[in-house]
Amino acid sequence: MTENSDSSIALEFNGLSKKFGAIKALDNISAQIIAGKLTGIVGPDGAGKTTLLRILASLLRADEGQAKVAGFDPKTQSDLVKDNIGYMPQRFGLYEDLSVMDNLVLYSKLRKVEAKNAKKLFARLLDFTRLEPFTDRLAGKLSGGMKQKLGLACALMGEPRVLLLDEPGVGVDPVSRQELWRMVEALTDDGMAVVWSTSYLDEAEKCASVLLLNEGKILFDGPPDSLTKTLIGRSFLIDADENDKRAVLRGALNLPFISDGVIQGSAVRAVCKHIDDAKKIREHCKSQKLNLKATEPRFEDAFVDLLGGGPGGHTPLTDNFDPISHKNEIAVRCENLTKVFGEFRATNDVSFEVKRGEIFGLLGPNGAGKSTTFKMLCGLLRPTSGIAQVAGFDLRHATRKAKSNLGYMAQKFSLYGLMSVRQNLDFSAGVYGLDGALKAERIAEMIDAFHLKKYLDFSPEDLPLGYKQRLALACSLMHRPSVLFLDEPTSGVDPLTRREFWNHINGLVNKGVTIMVTTHFMEEAEYCDRVAMMYGGKLIALDTPDGLKASVTSSNLLEPSMEQAFIALIEQVDAQNGGA
Amino acid sequence: MAKSKISPLTRLINFLFSPILRAQIVKEILCTLRDPRSRMSLIVPPILQLVLFSFAVTLDVSNVNIGVLDMDGGRQAQEFLTTLNEAKFVGKLYVVHSQKELENQIETGKTIASINIPQGFSAKIGNREPAIAQVLIDGRRANSGQIVYSYIQAIASNLGASTAMPQGPQPSSIRYWFNPALIYQWFTVPSLAAVLVTMTALGITSMSIARERELGTFDQLLVSPANYVEIIIAKTMPALIIAPLMGLMMIFAAIFMFGVPFNGNFPLLVLSIYVHIFAVVGIGLIVSAVSQTQQQAILGMFTIAVPMMLMSGFSTPTENMPQFMQYIAEAIPNKHTLLILQGSFLKGQGFADIFRNLWPLLVTGFIGLSAATIIVRNRLQ
């Protein structure tokens, strides 16, 4: 593909603004999107990605500003816009009770495809999406990845000039995501303008061009590497052995010249504030006898830098936290854990042990059994057979005792939106049996540690995302659990909020709290000490993040990312099953 | 918990007021009162029903036309007709001269009822002998016709006469006790207390588990040390606090706005209302426990509520239902509560009579709440 010859503007907008109540979803943004390129609209949840796509698809009216999509104005020529675009909404937009073929037929009629052309078109789309063998299956029975491909096929029905995809990577396992990505690349090669919105920064890196959105504003517009380039010479990896990587991170974040740091396998990734600070970090590491090496900057480093750097390393949360003493060193244990739903073995003979003060990750594609295993461990599901123990208590017998030893933070922070922040804190303390002076003391501590004072009378729903997350964490920690369960804790969250969250978690681990986390988000897996990878209900690998990566390293894959390791491991299992 | 010897009473109090339970009760009440949907279901239906039913009554039987064939012509017959003509519910009185004409008028819909005053009507009243006027009702408008009939009957009885319908129900002695203009409301308004309490309690409880499940807080609750019994107890509280207020409001409306005489034992009635809610809450929580979303819960609630109302005897007598349906009706709280309300208001029943209808409510309540607890627990497995 030659970029210059085909750089016609497919889509442009100027001064777009949209308000929902007091919230500015879009704040005077302008940009152009070029045909024949994959453009990413990148930003955390609530950044305005969906609002922008819906305005461009003429499903929503902007308060101010103009747009031109495929040459038409979505405000006044919405019919023409709709004829020339394909739009795939977040939740697939499929009719789940219709078969794959029924969905295609329906969309072909909606898009006024002539009957004589339809057959050919279906054959092509089915071939393209490799859904040919599944035409009779109900759309609701497809896997996340296959649904997404069918959604894409339906969006492509009218042979659109512009394709708008709203978070196509969500709920899709890495293997299907890779496939989806290849399909979209083929489309852009044919000259289509494709817009792909995402909250995953690793997806952004693969786009030809990105619009980086945050709080309704465009922070960056251009090819991702041109942003990443600005950080060359500022990103470093500090070697740390498994045990004190969190201490190294904490130390690094407390240095005045470090703007951002995260854990990456057994190393700490640090970004310094200015290129001249490189010298200081070298000196610092030498004095601490730490091994430092320069590394390629990542898109996420640049994003955090644009936002003004990450949070410091100190968390006031654990200042008053007494170190947790376990009688036994094993905090969580499962032995031959199995859960059968009818004929289906959701979790099949899984065994592992988690040491005190460890961060343990359960990783796997949707339907791999990680949620089922997780739910059995925190007492939300009863095992069909096998043993699940938390802090030495068997969940089947001593549930009440076991339960007061564990804390649980659900996905999307399940807080009571109908109660105020203070009432939520009150409730969490009370439901864990705290009373009187102790209760008041713990609540005051949490308000203090998380700076919740000014929000006490707010509903959790009206809190900024970062505060919502703090409140959820405060509620789950009120009773000082020795094991904390986190269900997809930071998916869709902006990188700053995620860093702050992991700071708190690292502080807890330092005090001996054990962390169990499920995630399909590869970045999050890097924070774990060990990762159990699940596939088809079975445990297929259990190792440190670096160990997992090393296990798949080969001549074609010299430095695999977590996601690549994941895909490789799954492919190995599939190959074995295929061979057997 | 540390002390080994505690009296059962202290243990009960400790259990009732444990911080875990207290926290949950506060949460339930706050969530119910702050949920706009719950609030709507608390405020709108009572007002709507009060207005609707009080107007429905007056609309039903005003301005009806009646045909009259006076074969007697005596003083009392004249008086009967004059009273009828002046009665509020009568629009026009058509005096005709043959039975054929009377029937014709009803057939064409000109009149809803016709009265045939036989010869010797006045004389019989004068002699204090039973005097009967024949009344013909338009069966196509059965409900209004019934009310009109009861009005006519009452006017006749004031004169010392009685009325009869061919093949119709014989005038029962109780009917003569009522003030005819209110007879419909005397039955409906106290009964509405039961309907309202049921809808309120069902509305509040059927949403409660489903709402938490939809928002994900239910998992949070299940991983906490709170046990299933505590969760269910806490979930009954908002209904037990709010629904009786609705019931009392309707009862007071019946007594003070509609002047329905209250002859029974008031504390006993209030107790009965609590027991009724206890039974309804069990049903509501079953609906909520099997629902995954609030939408399912609302649909589930109406799926249960409509047959519950229809089979309760509020609109149609339970005795007319097939036998097996009557057995099912025994499990419906409203069936018993309606009898308690009518018994308290009109008959002035005492404890023994009331208790006959009270214990089935207790059985339904215990079964319902146990089932809800078991469903919540089994959902985990």
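Keep in mind it's a predicted model, so treat the numbers as computed, not measured. (Residues numbered from 1 in each chain as written. Chains lettered and ligands numbered in written order. Predicted model: local features only at pLDDT ≥ 70, side-chain atom pairs only at ≥ 80, totals over all residues.)

**Concerning the overall build of chain A**
The helix and strand inventory of chain A stands at 20 helices and 23 strands. Taking 580 residues into account, the globule formula puts the C-alpha radius of gyration at 25 Å, and chain A, at 25 Å, falls close to it. Seen along its three principal axes, the alpha-carbon backbone of chain A occupies a region of about 75 × 60 × 55 Å. Buried residues in chain A amount to 50% of all 580 residues. Sequence-distant contacts, at least 24 apart, represent 71% of the contacts inside chain A between residues at least 6 apart. (Helix = DSSP H or I, 4+ residues; strand = E, 2+ residues; numbered from the N terminus. Rg over C-alpha atoms; globule rule 2.2 N^0.38 Å. Buried ≥ 20, exposed ≤ 12 C-beta atoms within 10 Å, placed from the backbone. Contact = placed C-beta atoms within 7 Å.)

**Digging into the overall build of chain B**
When helices and strands are counted, chain B shows 15 helices and 5 strands. Each of the 381 residues in chain B was classed as buried or not, and the buried ones make up 44%. Sequence-distant contacts in chain B: of pairs separated by 6 or more residues, those separated by 24 or more amount to 79%.

**Notes on the sheet that holds strand β21 (residues 514–519) of chain A**
Residue and element names in this part refer to chain A. What the 6 strands build is an open sheet, ordered β19-β20-β21-β16-β22-β23; its pairing is mixed. Strand pairing shows two members of the sheet lacking a second neighbour, β19 (406–409) and β23 (538–543), which therefore form its edges. The average angle at which neighbouring strand axes cross in this sheet is 15°, direction not considered. Bridge count between strand β16 (residues 359–363) and β21: 5 bridges; the pairing is parallel. Counted as the bridge partner of G361 is V517 from β21. (Pairing = 2+ DSSP bridges. Axes fitted to C-alpha atoms, helices over the stretch in contact; angles between N-to-C directions.)

**Side note on the environment of R250 of chain A**
Mapped onto the elements of the fold, R250 of chain A is located in helix α9 (residues 245–253). Separated by 18 residues in the primary sequence, R250 of chain A and V268 of chain A have C-alpha atoms spaced 9.8 Å apart.

**Quick look at the interface of chain B and chain A**
Each partner contributes residues to the interface: chain B has 23 residues there, and chain A has 27 residues. Among the secondary structure elements, those contributing two or more residues to the side of chain B that touches chain A are α2 (19–34) and α9 (217–223) of chain B. Here the element with the most residues in the side of chain B that touches chain A is α2 of chain B; it accounts for 9 residues.

**So, the packing of helix α3 (residues 100–110) of chain A against helix α5 (residues 144–155) of chain A**
Residue and element names in this part refer to chain A. Two elements in contact, α3 and α5, have axes whose closest approach is 9 Å; the angle formed by their N-to-C orientations is 25°. Looking at the two axes, α3 sits roughly parallel to α5. Like other packed secondary-structure pairs, α3 and α5 cross with a definite hand, here right-handed. Residue-level inspection shows V100, N103, L104 and Y107 of α3 in contact with α5, the latter providing L150, A153 and C154. Residue classes in the contact of α3 with α5 are distributed as 6 nonpolar, 1 polar and no charged. (Parallel < 35°, antiparallel > 145°, perpendicular 65-115°, else oblique. Left-handed = near helix turned anticlockwise from the far one by under 90°. Nonpolar A, V, L, I, M, F, W, Y, C, P; charged D, E, K, R; others polar.)

**Comments concerning helix α1 (residues 49–56) of chain A**
Residues and elements named next belong to chain A. With 7 of 8 residues buried, α1 lies mostly within the body of the structure. Among the residues making up α1, those that are buried are K49, T51, L52, L53, R54, I55 and L56. A positive backbone phi angle near 55° is found at S58, which sits one or two residues after α1.

**Some points on the environment of I515 of chain A**
Residues and elements named next belong to chain A. Tracing the backbone shows I515 in strand β21. Under the C-beta neighbour-count criterion, I515 is labelled buried, with 26 such atoms within 10 Å. Spatially, the C-alpha atoms of I515 and L486 are 7.4 Å apart, while their sequence positions differ by 29 residues.

**Examining the domain arrangement of chain B**
Here the domain parsing of chain B yields domain 1 (17–56 + 184–380) and domain 2 (64–169). Using only C-alpha atoms to locate each centre, domain 1 of chain B and domain 2 of chain B end up separated by 44 Å. (Domains from an automatic or database assignment.)

**Some words on the nonpolar core**
L164, V195, I515 and M516 of chain A are the most contacted members of the largest nonpolar core, which totals 239 residues. A per-element tally of this core places helix α8 (residues 183–215) of chain B first, with 14 residues. (Core = buried A, V, L, I, M, F, W, Y, C linked by C-beta atoms within 7 Å.)

**Some points on helix α11 (residues 299–306) of chain A**
All names here are of chain A. Among the 8 residues of α11, 7 are classified as buried, and the element is accordingly described as predominantly covered. Of all the positions in α11, only F299, E300, D301, A302, F303, V304 and D305 are classed as buried. The first or second residue beyond α11 is G308, which carries a positive phi of 95°.

**Thoughts on the pairing of strand β2 (residues 90–96) of chain B**
Residue and element names in this part refer to chain B. Judged from the 5 bridges that link them, strand β1 (residues 64–70) and β2 form a sheet pairing that is parallel. By the bridge assignment, I66 is partnered in β2 with L93. In this fold, β1 hands off to helix α4 (residues 75–86), which returns the chain to β2; that crossover is right-handed. (Right-handed = clockwise from strand over helix to strand, strands pointing away.)

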